[in-house]
Amino acid sequence: MSESTPRVTAPYLEQFSHQNVRILGKVRQLRGEQATIDAGGNINVHLNRDAHLQLNHAVEIIGKVQNDLSVKVMASVDMGPEGNIDFNAVEAVVDATHRYHEIFYTKEQ
Amino acid sequence: MPGSQSNDSPNSKRSYGKDTLRPVTIKQLQDATHPHPDAEYFIIDGAEATQVTFVGQIRNISTQTTNVTYRMDDGTGTMEVKVWIDAEEFNGEENQAVAKPKPVEQGYARVWGRLKAFNNKRHVGANIIRPLQDFNEIQYHLLEATAVHLFFTRGPPESATAQQSKTGGAQANGMANGHAAVGGEGLPAGTSQATKKVYQLISTLPQGHEGVHVQQIAMAGNMEVSEVLKATDDLNGMGKIYSTVNEETFALLSF
């Protein structure tokens, strides 16, 4: 089902190009309409108008993976200072999402 | 309970005893099989599921006269959640003053409820919807749902069964050549419950040199003979048992 937005980190982007994904990362850099998010590696994101990112905050992004493996943001949720989020658990969820994808998303093939 | 539907009660007597609360993803709710259109329960991973809980993001809230419908998205799919409005709740103004935090659009919330099918469309009739206080609960829930999914599809984790099989486990493991993952009782992970039970019975039933007959196993385990035969077939294939005087009598192959 195309409604799903699998949770990914930077290494998975290539596998999901042109698809909608969900990324939970730390905001590292803000450059006007672009930003850098750290989620298992740096990811360049293109912000939409109502994205209000804050440096060193955790943010969840739903967006589309572009050709150059940047991500075009469709929606974002600020999850507070990055210390509030256990990123080991986030990493574990991404791992489980792809290891046991049968309960998370339908693999296209 | 406020918010629960009155039409739940009349014929749900049978299910109370085995009512469970299962953490799930929305995709699992969409993939769940409905045994028949009037069934009170759905089947997820081969197990009955009645009450479910999940965590998701609220995409849309629409307030009707009798209920509030939330469209929820947990990254695995979307699902409508209906919370019935309890008329009494709006009676006193003090109630409003101490009102619990309200779910808002784009916010995350946890839902407890029952999966329902209506006109081929699925929704969750919820007892409770509660906004998240801590975003770590998203990760917690998804990992819990994964653990429960794996429990039903692959059996209990090895650590949980390891203690029971401590005695003799060491020898058995040495003999289980090639099986990387040896589950409880020295059987490979993923072995069906019936097969495990038959293995248990063959190991414990009193027997002579020629082992035990399937009839005896069926009687001791209160199982169908066909079920026992399928299990002995599996065990034979795993090299755990062998047939002795005839094709229906088996003995343990280990030590």
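Please read all numbers here as calculations on a predicted model, not as lab measurements. (Residues numbered from 1 in each chain as written. Chains lettered and ligands numbered in written order. Predicted model: local features only at pLDDT ≥ 70, side-chain atom pairs only at ≥ 80, totals over all residues. Heavy atoms only, no water.)

J.: Summarise the interface of chain B and chain A; cite the residues concerned and give the values.
T.: Listed by partner, the interface residues are 27 residues for chain B and 27 residues for chain A. Summed over both sides, the interface between chain B and chain A buries roughly 2,100 Å², with carbon and sulfur atoms accounting for 59% of that surface. If you sort the residues of chain B by the area they bury against chain A, B:Lys27, B:Phe135 and B:Gln139 come out on top, with a joint share of 23%. Counting the contacts that link chain B with chain A gives one salt bridge. Between A:Arg22 and B:Asp73 there is a salt bridge; the shortest N-O distance is 3.3 Å. Where the side of chain B that touches chain A is concerned, the elements lending two or more residues are helix 2 (26-31), strand 4 (51-63) and helix 4 (136-154) of chain B. Top contributing element to the side of chain B that touches chain A by residue count: helix 4 of chain B, with 10 residues. Considering only residue class, the side of chain B that touches chain A consists of seven nonpolar, 13 polar and seven charged. (Contact = heavy atoms within 4.5 Å. Buried area = accessible area lost by both parts, 1.4 Å probe. Salt bridge = Lys/Arg side-chain N within 4 Å of Asp/Glu carboxyl O. Helix = DSSP H or I, 4+ residues; strand = E, 2+ residues; numbered from the N terminus. Nonpolar A, V, L, I, M, F, W, Y, C, P; charged D, E, K, R; others polar.)

J.: Kindly report on the packing of helix 7 (residues 193-204) of chain B against helix 9 (residues 225-238) of chain B, identifying the contributing residues and their values.
T.: Residues and elements named next belong to chain B. Where helix 7 meets helix 9, the axes come as close as 9 Å, and the angle between the chain directions of the two elements is 80 degrees. Comparing their axes, helix 9 and helix 7 come out roughly perpendicular. Counting all contacts with helix 7, which are made through Ala194, Thr195, Val198, Tyr199 and Ile202, the residues of helix 9 involved are Glu227, Val228, Ala231, Thr232, Asp234, Leu235 and Met238. Class assignment of the residues belonging to the contact of helix 7 with helix 9 gives a composition of eight nonpolar, two polar and two charged. (Axes fitted to C-alpha atoms, helices over the stretch in contact; angles between N-to-C directions. Parallel < 35°, antiparallel > 145°, perpendicular 65-115°, else oblique.)

J.: Summarise the nonpolar core; cite the residues concerned and give the values.
T.: A:Ile23, A:Ile43, A:Val45, A:Leu53, A:Val71 and A:Met79 are the most contacted members of the largest nonpolar core, which has 38 residues in total. Among the secondary structure elements, those contributing two or more residues to this core are strand 1 (20-31), strand 2 (34-38), strand 3 (42-46), strand 4 (57-65), strand 5 (71-81) and helix 1 (87-99) of chain A together with helix 4 of chain B. If you look at the next biggest cluster of nonpolar residues, it comprises 22 residues, including B:Leu29, B:Phe54, B:Val83 and B:Ala109. (Core = buried A, V, L, I, M, F, W, Y, C linked by side-chain atoms within 4.5 Å. Buried < 20%, exposed > 50% of the residue type's maximum accessible area, 1.4 Å probe, protein only.)

J.: For the confidence of the model for chain A, give the residues involved together with the corresponding values.
T.: With 97% of its residues at a pLDDT of 70 or more, chain A has an overall mean of 93. When pLDDT is averaged over each helix and strand of chain A, the minimum, 95, is found for strand 5 of chain A and the maximum, 97, for strand 3 of chain A. (pLDDT = per-residue confidence, 0-100.)

J.: Give me the lowdown on the confidence of the model for chain B, citing residues and values where you can.
T.: Residue and element names in this part refer to chain B. Overall, the prediction assigns chain B a mean pLDDT of 80, with 77% of residues at 70 or greater. Across residues 1-12, confidence stays below pLDDT 50; counting only partners more than four residues off in sequence or on other chains, it has 15 contacts. A low-confidence stretch, residues 165-184 stays under pLDDT 50, and its non-local contacts, those more than four residues away or across chains, total 18 contacts. Overall fold confidence for the complex sits at a pTM of 0.69, while the interface term, ipTM, reaches 0.94.

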